[in-house]
There are 8 protein chains.
Amino acid sequence: MSDIDLDFERGKRIGMPEIIYGEFKSREQIHKIAAIHEEKQANMLVTRCTAEQVEGLTGEYDAVAGTFTRIHNEPKTLNGLVGVVAAGTSDAAVAKEAVNTLRILGCECKDFLDCGVAGVHRLIKHSDDIKKCRVIICVAGFEGALASVIAGLFSQPIIGVPTSVGYGVSAGGTAALNAMLASCAGGVTTMNIDNGCGAAMAAHRILHTD
Amino acid sequence: MSDIDLDFERGKRIGMPEIIYGEFKSREQIHKIAAIHEEKQANMLVTRCTAEQVEGLTGEYDAVAGTFTRIHNEPKTLNGLVGVVAAGTSDAAVAKEAVNTLRILGCECKDFLDCGVAGVHRLIKHSDDIKKCRVIICVAGFEGALASVIAGLFSQPIIGVPTSVGYGVSAGGTAALNAMLASCAGGVTTMNIDNGCGAAMAAHRILHTD
Amino acid sequence: MSDIDLDFERGKRIGMPEIIYGEFKSREQIHKIAAIHEEKQANMLVTRCTAEQVEGLTGEYDAVAGTFTRIHNEPKTLNGLVGVVAAGTSDAAVAKEAVNTLRILGCECKDFLDCGVAGVHRLIKHSDDIKKCRVIICVAGFEGALASVIAGLFSQPIIGVPTSVGYGVSAGGTAALNAMLASCAGGVTTMNIDNGCGAAMAAHRILHTD
Amino acid sequence: MSDIDLDFERGKRIGMPEIIYGEFKSREQIHKIAAIHEEKQANMLVTRCTAEQVEGLTGEYDAVAGTFTRIHNEPKTLNGLVGVVAAGTSDAAVAKEAVNTLRILGCECKDFLDCGVAGVHRLIKHSDDIKKCRVIICVAGFEGALASVIAGLFSQPIIGVPTSVGYGVSAGGTAALNAMLASCAGGVTTMNIDNGCGAAMAAHRILHTD
Amino acid sequence: MSDIDLDFERGKRIGMPEIIYGEFKSREQIHKIAAIHEEKQANMLVTRCTAEQVEGLTGEYDAVAGTFTRIHNEPKTLNGLVGVVAAGTSDAAVAKEAVNTLRILGCECKDFLDCGVAGVHRLIKHSDDIKKCRVIICVAGFEGALASVIAGLFSQPIIGVPTSVGYGVSAGGTAALNAMLASCAGGVTTMNIDNGCGAAMAAHRILHTD
Amino acid sequence: MSDIDLDFERGKRIGMPEIIYGEFKSREQIHKIAAIHEEKQANMLVTRCTAEQVEGLTGEYDAVAGTFTRIHNEPKTLNGLVGVVAAGTSDAAVAKEAVNTLRILGCECKDFLDCGVAGVHRLIKHSDDIKKCRVIICVAGFEGALASVIAGLFSQPIIGVPTSVGYGVSAGGTAALNAMLASCAGGVTTMNIDNGCGAAMAAHRILHTD
Amino acid sequence: MSDIDLDFERGKRIGMPEIIYGEFKSREQIHKIAAIHEEKQANMLVTRCTAEQVEGLTGEYDAVAGTFTRIHNEPKTLNGLVGVVAAGTSDAAVAKEAVNTLRILGCECKDFLDCGVAGVHRLIKHSDDIKKCRVIICVAGFEGALASVIAGLFSQPIIGVPTSVGYGVSAGGTAALNAMLASCAGGVTTMNIDNGCGAAMAAHRILHTD
Amino acid sequence: MSDIDLDFERGKRIGMPEIIYGEFKSREQIHKIAAIHEEKQANMLVTRCTAEQVEGLTGEYDAVAGTFTRIHNEPKTLNGLVGVVAAGTSDAAVAKEAVNTLRILGCECKDFLDCGVAGVHRLIKHSDDIKKCRVIICVAGFEGALASVIAGLFSQPIIGVPTSVGYGVSAGGTAALNAMLASCAGGVTTMNIDNGCGAAMAAHRILHTD
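What you see is a predicted model; the values in this text were computed from it and never measured. (Residues numbered from 1 in each chain as written. Chains lettered and ligands numbered in written order. Predicted model: local features only at pLDDT ≥ 70, side-chain atom pairs only at ≥ 80, totals over all residues. Heavy atoms only, no water.)

J.: Could you give me a rundown of the relation of the copies chain G and chain A, with the residues and numbers involved?
T.: Its rotation angle being 180 degrees, the transformation that places chain G on chain A also includes 0.0 Å of axial translation and leaves an RMSD of 0.0 Å. Between the two chains, the operation in question is that of a two-fold axis. Looking at the interface residues of chain G, 100% of them are also at the interface in chain A, so both copies use one shared face. (Least-squares fit on C-alpha atoms with pLDDT ≥ 70 in both. Contact = heavy atoms within 4.5 Å.)

This is the structure we're talking about:
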């Protein structure tokens, strides 16, 4: 079959590198892609990959997030802080994927875990810190109510990331996804389920054009 | 075809009368059922009915709730107040169906409208009054986040009623239903979409056995 | 990333402790949470966890229910018996989760297994015992018809718990869930699929405010 | 476009006439089909049709069932009684469609309405009569639990017909359909939602080959 | 927890024994149930079980069908042959479950495999044999078209069993299920996906009351 | 708002004109589009439109198909006949939409109605004529089994068009759609539900490049 | 029942006024809400309303968008242009709702209609103008591919709004919604189906904090 | 049970051999089928099979595509090139299944990988080569937008194959499937998810009748 054809012009076109989606790719395909990046001295981020897929590559594997990062040139830091607010400990994987993506895109961030609405005081005590963020990424599974509460309290851009954390009707994340899309609080935007990486890219789109 | 066979023993068996579900019944069927009730001097509640269906019957039609009530004997009042908390003005129809059903079941209630989480202070200002209720019925459409927030703040039994208010992914009420079922806050119970009547019956089950 | 932030105030606020949802959490996260509980001498219940996740912790692991319980201070016993009625042997896991949660919440309970409607006489022979319960938790998979039959026979609060027991159209529990939500018998309340823990919490909400 | 091509050989092949499905057909198409039947002196049944569609045709329109019947030659009566058991008054339309179809197929039947499981004694009082039937057609909407209860009590062939009677999760009949398919009671067979006509044909398949 | 409560009266009530559904049951539960059967010298059929679950029990395990059969008393043979027609080799598991269930119910049967409509001549060459059957069980995955073709050609009772054989839109069997329910050919009845056992029970309901 | 911007270059690019999708467009928008076509003397086809939307325009409105056609220059006739095979009279609207689109694209066609698999002999009697077609468009609702049977009998390209004709599980056409996609017969291609127009365009793509 | 309780503090809290969702509200409720706004001299926007609902009120009704606008005090204009790019003429209603909401929020905008990917040159010819926008709102029905193409070409924040324009699998907008959520192009954010108003609010969140 | 009955006449009837679908078949069944082919010296292709299933057979196993090929007689080469255009590296498995099927059907092909719309220039640079193809197979997961873009640019027959590559709303391939079915670009035909084999057969239907 024909060869892998990476999109190295993406940086020029839309201001951020192509990020490699690891799931469904074989170890061989990923190593081949990595070799091309090494040759070009290009920074590389692989998401949703396993330790086996990236074994033997130079770089940093994050087992919680399932990401592999290889930095050749430190990315230029953008203005503006990104807040990553997560509902529970179980949402850490997705939150961490966002954090690792923000790093390779040059965005500074601060995370706030365990802010679920079952104990809303935990969110409120972080109010002053959250108000300092330029963009808020809100990560939540189950019923995803956190996005609505945040949107009612803060005026910044809000990027909701539903997670697949849950069971029964919330298994797979659809309940949280629909809750964020249907939020009665105005102007919540939503990513695909578990798409912490995409949320970081959306935040980058806001920051790099400020 | 064979005749209508009503369940007048239900009161003895489970402590509440059979309630007539009006949708899908013809005007003739409802009038026939009403005549049987008149003859037995039995109280009667018809839900989800139109003005046309009950035209000509003695009793009270509530156009907002779509209910028809005919009282022959004032029901015995039970101990304990039922709070009916609704997210928005659009949820009034379902909230009203609950209120009208509570009345025929002998349950006292107090309603709290416009408590949606987009402006959570509106809920919090009613805190003291809500704490006095023995049971809380929580009515909400769109993403139904109100149930989670209430369950995190109050310790009483909570009966969530998702409504079909919404559009896109929340059209028909499934988003709110799933949010209530998947609530991260413990012990929320849920009714079918728009089932204000059933919520009232569930509240009655709690009160009449106290 | 930031630290785990548990909600130890929940007991004061809503009368029951935070229960730890084990699925999606790493062994490390659970052990960290356990250490905080040990330090505070707080009772702890972990649901949906595996033996591996809790290995090495002091406490009781129940392999059928998938729960881990650690009691420091015997919970105060509440008035009122909770009946846990299950349709079949296959529903035992969910019924047991409810039973174990009731225990840590201080609720006494009695279970009735193999009461499926395919042989309804098995339910009817327990009628007198079920009538003595303050609350009925009804656990059923497949088509979940048990909830409707129970609601037609008994007047107490009924908390339906659909289980994921089944295959084809009932795989995952949606058929049973929808059957309970759509029950033609009045006032059945419903929990998320397999949520035995939540049903126990809902029962507790009724009992502790009696 | 090419002409209508009816299947008049069906009677020879599978023992019953082609039945005309009225929905989605224009008044003109139905009248054209009727004219062909008149010419052949063939009995004709149109289901799911409106009064407007059959206006001007000789025959009997049943407004409850939405069927039009035109008998030229009385069908041969088959051995064996078909019982049509329905859960509620709202299910009468579908039950009646079954009854009218049974008539044109030469099957005798007896109907039992208002047998919903919310008051299961109403079913039980008909037990002796139901036991005399060769086949039981069970018609129910909402959660469709009636089929499971009947299958646990009687040994005859059971043909479940879920109806679209209900709202929220049971709107359109899917909840009842899935409940019948997933019945924990053995050997329930199921038809499409509202398919009273098909249930009658399935009963005919059993009777005519006895 | 309370004890297992089997329904040994089912034979008297509906003419067939309780069949044990093996999935979701532990090895211990199944062995306990087997011991009760041994003690009562009752025939026993377990469906959807693995070799591990029944290891050590006396009886016959069928690895293709996933069934375990233990016969103490040869069941009484009923009049009438049941034809089991399957679309492809991949549907053999479900067809075999039907065959094994028919055996314990005393029904004689003949199977016809590889009759898929992609090569409809393979079905037609069996026409004479199929015409001799009293009941036809039709087993098919993918798009399930076989049921419609059979119903157009034969006049006997037809029990469709959709299988989970397929991928993409037919993964899990829903496409075949809906095709059978929506069949344009009259009087096809349908079972839950993969429910070969239930189809056999439905056939038994027809035969034993002949 | 900005102006309508039609794609008149489409003919050059992909060999067929832009076809106007009428649904969701106002009468004003359609008349504006028509005026632009008149000015350019361009042929115009509007699909899924009502008589009201095109009232006052010069051209031909087909009430069965819901199409409006305006021919300025007779399209060049392509080689090869397109067969349009439909399952039932109710599918005529979609078949007619295909026929009218084929006409404006310069494709000759022949239609075969009432070929549903419930009476498969009606299809077989047209075998010789169907074998003469270069492409077969297969239009069917309900369970859509016709596509599989045709694909097993004929070797030409087959374009399946599921229709929304049906009720219950086939309401809206999803059952037929999935059946065509999952066809066990090789090489059936599928269009969106009711998309007769698209099927004609797909046929045109085959013919014009022959 | 209790009174309407509007959230006039929202402006202070999150920088934009409460917008009134008209669907599901009665004419009376809307007029009551309008009176409160008049009294407070507060600007008011009602979305998804009919001409009947707002008849008699002072202000501007837009029949295409289904919005009612009443301006008392011209909103402060924010820096940065919002581009509203729509796939087809049929998407104009949703695009217009976005435009009207942007106006009341003080955001300047420019619209680009008929940019569907079936003729991608129509999008490309607007490239220079689109590059000048601070935020891009992308409105598309059917398969919603426009969002992916735009995200591959431009580096600004992209807010996708799927519309309910389409039929068959795209009826109701789910196909377009899922396409936007699953976009292979990085950083597309998504709104609920037809939520032009919410997209404008999300754009405002970006602009007012710049 | 009865024996395997292969359809060796299919070649004569529809011009291509029966292809063996490996999933759901046991190793024994596949080896039995292979032996029949060996005996008849017939070419054989097994799709969706594992290395274990075909271990010990003479022929070629392709681990990426999951296919097993055994050629006895080189198939006759047809006129016309088939282009296989795939969106990303992850779609290679499905593309390869198409390529391997085309080979056994005697169709020549050329593949174009990594043509996803996130970097549409990669597609455009292959324009001249793609224009030379008689048929285009378009393979894409995630949101499947590639099919719409290709259909807007090229005039040949287009066979879309959605893949199950993706997560969240695109997990399993439904988002891509619906996008292709709902494509705003005219005349895209669609296969079941991951059905590369079927796409090749559809291409063969076009070529062999040219």
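J.: Please provide a residue-by-residue account of the relation of the copies chain A and chain H, values included.
T.: Superposition of chain A onto chain H requires a rotation of 90 degrees combined with a translation of 0.0 Å along the rotation axis, giving an RMSD of 0.0 Å. Given the turn and translation reported, the copies of this chain are related as if by a four-fold rotation axis. Residues of chain A ranked by C-alpha distance from the rotation axis are headed by Gly172 of chain A, positioned 8.5 Å from it.

J.: Hey, could you go over the pattern of salt bridges for me, with residue numbers and the actual values?
T.: The final tally for this structure, using the stated rule, is 61 salt bridges over all chains. Note that Glu74 of chain D is salt-bridged to Arg103 of chain D, the shortest N-O span being 2.8 Å. Note that Glu74 of chain D is positioned in the loop between strand S4 (67–70) and strand S5 (81–86) and Arg103 of chain D in helix H4 (residues 92–104), a separation of 29 residues in sequence. Across the pair Arg70 of chain E and Glu38 of chain E runs a salt bridge, and its minimum N-O distance is 2.7 Å. Note that Arg70 of chain E is positioned in strand S4 (residues 67–70) and Glu38 of chain E in helix H2 (residues 27–40), a separation of 32 residues in sequence. What makes Glu38 of chain E partly exposed here is its relative accessible area of 30%. Three or more residues are tied together by salt bridges with common partners; here these are Asp7, Arg10 and Arg13 of chain A. (Salt bridge = Lys/Arg side-chain N within 4 Å of Asp/Glu carboxyl O. Helix = DSSP H or I, 4+ residues; strand = E, 2+ residues; numbered from the N terminus. Buried < 20%, exposed > 50% of the residue type's maximum accessible area, 1.4 Å probe, protein only.)

J.: Any chance you could break down the interface of chain G and chain A for me, citing the residues and the numbers?
T.: Contacts between the two partners involve 31 residues from chain G and, on the opposite side, 31 residues from chain A. Between chain G and chain A, a total of about 2500 Å² is buried, with carbon and sulfur atoms accounting for 53% of that surface. Of all residues in chain G, Ser155, Leu181 and Arg205 of chain G bury the most surface against chain A, accounting for 26% of the area lost on that side. Secondary structure elements with two or more residues in the side of chain G that touches chain A: helix H1 (10–14), helix H7 (146–153), helix H8 (174–181), strand S9 (188–190) and helix H9 (196–207) of chain G. Looking at which element gives the most residues to the side of chain G that touches chain A, the answer is H9 of chain G, with five residues. For the side of chain G that touches chain A, the per-class residue count stands at 15 nonpolar, 12 polar and four charged. (Buried area = accessible area lost by both parts, 1.4 Å probe. Nonpolar A, V, L, I, M, F, W, Y, C, P; charged D, E, K, R; others polar.)

J.: Give me helix H9 (residues 196–208) of chain D: which residues, what numbers.
T.: All names here are of chain D. With 13 residues, H9 extends 18 Å from end C-alpha to end C-alpha; this agrees with the ideal 18 Å at 1.5 Å per step. Within H9, 12 of the 13 residues are buried, leaving the element largely enclosed by the surrounding structure. Turning to H9, its buried residues number three or more, namely Gly196, Cys197, Gly198, Ala199, Ala200, Met201, Ala202, Ala203, His204, Arg205, Ile206 and Leu207. (Expected span 1.5 Å × (residues − 1).)

J.: Let's hear about the packing of helix H4 (residues 92–104) of chain E against helix H9 (residues 196–208) of chain E: which residues, and what values?
T.: All names here are of chain E. Axis separation between H4 and H9 bottoms out at 7 Å; the angle between their running directions is 40 degrees. Considered as vectors, H4 and H9 are oriented oblique to each other. Considering the relative orientation of H4 and H9, their crossing is right-handed. Residue-level contacts link Val94, Glu97, Ala98, Thr101 and Leu102 of H4 to Gly196, Cys197, Ala200, Met201 and Ala203 of H9. (Axes fitted to C-alpha atoms, helices over the stretch in contact; angles between N-to-C directions. Parallel < 35°, antiparallel > 145°, perpendicular 65-115°, else oblique. Left-handed = near helix turned anticlockwise from the far one by under 90°.)

J.: So what's going on with unusual backbone geometry? Residues and values would help.
T.: Glycine aside, a negative phi is what most residues show, and trans is what most peptide bonds show. Not every positive phi belongs to a glycine, and Arg48 of chain A is a case in point at roughly 50 degrees. As for its position among the elements, Arg48 of chain A is in the loop between strand S2 (44–47) and helix H3 (51–54). Note on Arg48 of chain A: relative accessible area 24%, which makes it partly exposed. Of note in the backbone geometry, Gln41 of chain E takes a positive phi value of approximately 55 degrees without being a glycine. By secondary structure assignment, the location of Gln41 of chain E is in the loop between H2 and strand S2 (44–47). For Gln41 of chain E, a relative accessible area of 45% translates into the label partly exposed.

J.: Hey, could you go over the sheet that holds strand S1 (residues 20–21) of chain G for me, with residue numbers and the actual values?
T.: All names here are of chain G. With respect to topology, four strands assemble into an open sheet ordered S1-S2-S4-S3, the strand pairing being mixed. Lying at the two open borders of the sheet, with one neighbouring strand each, are S1 and strand S3 (60–62). Its contacts with the sheet place helix H4 (residues 92–104) against strand S2 (44–47), S3 and strand S4 (67–70), and it is angled at close to 165 degrees to S2. (Pairing = 2+ DSSP bridges.)

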